[in-house]
Amino acid sequence: MAEELQTGIIRISDDVVATIAGLAALETPGIAAMSGGISEGLAKRLSGKNAQKGVSVEVGQLEAAIDLRIIVKYGIPIQEVCRQLQENVREAVANMTGLHVVEVNIKVEGVAFKEEEIPVEPEAPARLK
């Protein structure tokens, strides 16, 4: 986004929009994590750029389109989580940047299961020699 004012130009980087969207996504109940994917990991290593994991954006002058790749928590209705996620991301990006978010596309790439707690036995005291 670039806005020309009497005092100069304001530009908002795609990375800034991606960071806002990623943080809003992680704050949404039911989201376990963002999913990076193989190509994103390779691009990050080659460019040295800190890409926002699981988020890609297209930002124009006044609008933005956002794609998210997520992992949801097991046992929570996926449709409800995704609808809430779309609303949270749309609101966060619009409030912080002034951009109109035309679409928030979500790809659910996995389900996170609650890890079973393994009982830990107390260690026997060490013997002194």
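Here, the structure is the one placed above.
Everything in this summary refers to the structure shown in the same document. Quick caveat, the model's predicted, so the values are computed rather than measured.

### Considerations on helix 3 (residues 78-97)
Taking 1.5 Å per residue as the helical rise, helix 3 with its 20 residues ought to reach 28 Å, and the 28 Å between its terminal C-alpha atoms agrees with that figure. Taken as a whole, helix 3 has its buried residues at V81, C82, L85, V89, A92, V93 and T97. Projection of helix 3 onto a plane perpendicular to its axis shows the buried side chains occupying an angular sector of 100 degrees, all on one side. Opposite the buried face of helix 3, by more than 90 degrees, sit the exposed residues Q79, E80, R83 and N95. The elements touched by buried residues of helix 3 are helix 1 (14-26), strand 3 (31-34), strand 5 (63-73) and strand 6 (100-112).

### So, the pattern of salt bridges
Across all of its chains, the model carries two salt bridges by this definition. The residue E109 makes a salt bridge to R69 at a minimum N-O spacing of 4.0 Å. Taken as a pair, E109 in strand 6 and R69 in strand 5 lie far apart in primary sequence, 40 residues in all. Judged by relative accessible area, E109 falls into the partly exposed class, the value being 36%. Close ionic contact of E109 with K107 constitutes a salt bridge, the shortest N to O distance being 3.8 Å. Several salt bridges share partner residues, and in doing so they unite R69, K107 and E109 into one network.

Reading the values: the criteria
Residues numbered from 1 in each chain as written. Predicted model: local features only at pLDDT ≥ 70, side-chain atom pairs only at ≥ 80, totals over all residues. Heavy atoms only, no water. Helix = DSSP H or I, 4+ residues; strand = E, 2+ residues; numbered from the N terminus. Expected span 1.5 Å × (residues − 1). Buried < 20%, exposed > 50% of the residue type's maximum accessible area, 1.4 Å probe, protein only. Arc of directions from axis to C-beta. Contact = heavy atoms within 4.5 Å. Salt bridge = Lys/Arg side-chain N within 4 Å of Asp/Glu carboxyl O.

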